[in-house]
Each structure stands twice: as C-alpha cells, then as structure tokens.
Amino acid sequence: FVRSGTSVGANYHEANGAISKADFRNKISLCKKEIKETRYWIELLVEAEPRMAMDAERVIQESQELINIFSKIYASLKEKQL
C-alpha cells in the first residue's frame with residue numbers, strides 16, 4: 001500500500017523533470033497505473049476491515065479524481081502527438 005501510494009508522487013515528480021514529451025507521457029501513465037493499484041489495496045483493506053469503510057470512501061474518491069486528472073493529461077498529450 002505504501003509503495004504504490006508513494007510511487008504516484010515519485011513518478012509525478014519524475015514527470016515534471018522529464019527529458020522529452022514521450023518521457024513525460026510515460027511517467028504520467030505510470031502515475032495512473034500506480035494510483036489504480038493503490039485504490040485496489042484500499043479496497044482490499046476495507047474488505048478485511050469493514051469498519052474502515054467510511055474513512056476509505058474519501059480516499060477512494062480522491063484516487064478516482066487523480067485517475068481522471070492523469071487520464072486527461074495523458075489523453076491531451078496523445079492528441080497532440082497525432
């Protein structure tokens with residue numbers, strides 16, 4: 001959980017220092033992948049500890065917002081490439 005969650009921020013930081021548009025796009029793709037993995041771990045945690053559902057709901061919503069943001073960035077970069 002900690003690895004995938006912190007990987008999002010590390011990859012975003014790396015994206016901001018990318019050496020090319022392709023490198024930036026790749027790092028953004030990794031951000032999206034890692035946030036999806038983090039959300040998966042949160043969902044498993046809730047299954048194991050249902051009493052955490054209320055707290056996890058907010059984090060799951062935030063993860064979806066990040067997925068939407070990274071998806072939009074990735075899509076806009078892909079459109080510019082065409």
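None of the values given here were measured: they were computed from a predicted structure.

Regarding the overall build of the protein
Check the secondary structure of the protein and you find three helices and zero strands. In the protein, the order of α-helices and β-strands from amino to carboxyl end is α-α-α. Projected onto the principal axes, the alpha-carbon positions of the protein cover approximately 45 × 20 × 15 Å. Taking all 82 residues of the protein together, the buried fraction comes to 26%. A sequence separation of at least 24 residues applies to 60% of the contacts in the protein between residues at least 6 apart. Accessible area of the protein: about 6000 Å², with a carbon and sulfur share of 56%. One way to put it: in the protein the 13 positive side-chain charges average out to a point 9 Å from where the 12 negative ones average out.

A few points about the pattern of salt bridges
Evaluated as defined, the whole model comprises four salt bridges. Among the salt bridges present, the one from D23 reaches K27, with a minimum N-O distance of 3.7 Å. Here D23 and its partner K27 are both found in helix 2 (residues 21-48), four residues apart, which amounts to about one turn of the helix. Neither D23 nor K27 differs from the other in exposure class; each is buried. The residue R51 makes a salt bridge to E49 at a minimum N-O spacing of 2.9 Å.

Quick look at a nonpolar patch on the surface
Taken together, the side chains of F1, V2, Y40, W41 and L44 present a nonpolar region at the surface, about 510 Å² in accessible area. Looking at the nonpolar patch element by element, the count peaks at three residues for helix 2. Mapped onto the elements, V2 comes out in helix 1 (residues 2-16). Overall, the relative accessible area of 59% leaves V2 in the exposed class.

A short note on the environment of K78
Secondary-structure assignment places K78 in helix 3 (residues 53-81). According to the relative accessible area criterion, K78 is partly exposed, its value standing at 47%. A sequence separation of 12 residues divides K78 from L66, and the C-alpha atoms of the two residues are 18 Å apart.

Reading guide: rules and limits
Residues numbered from 1 in each chain as written. Predicted model: local features only at pLDDT ≥ 70, side-chain atom pairs only at ≥ 80, totals over all residues. Heavy atoms only, no water. Helix = DSSP H or I, 4+ residues; strand = E, 2+ residues; numbered from the N terminus. Buried < 20%, exposed > 50% of the residue type's maximum accessible area, 1.4 Å probe, protein only. Contact = heavy atoms within 4.5 Å. Areas by Shrake-Rupley, 256 points an atom, 1.4 Å probe, with all protein chains shown as cover. Lys, Arg positive; Asp, Glu negative; His and termini not counted. Charge placed at Lys NZ, Arg CZ, Asp CG, Glu CD. Salt bridge = Lys/Arg side-chain N within 4 Å of Asp/Glu carboxyl O. Patch = residues over 30% accessible without salt bridge, like charges linked within 9 Å, V, L, I, M, F, W, Y side chains within 5 Å.

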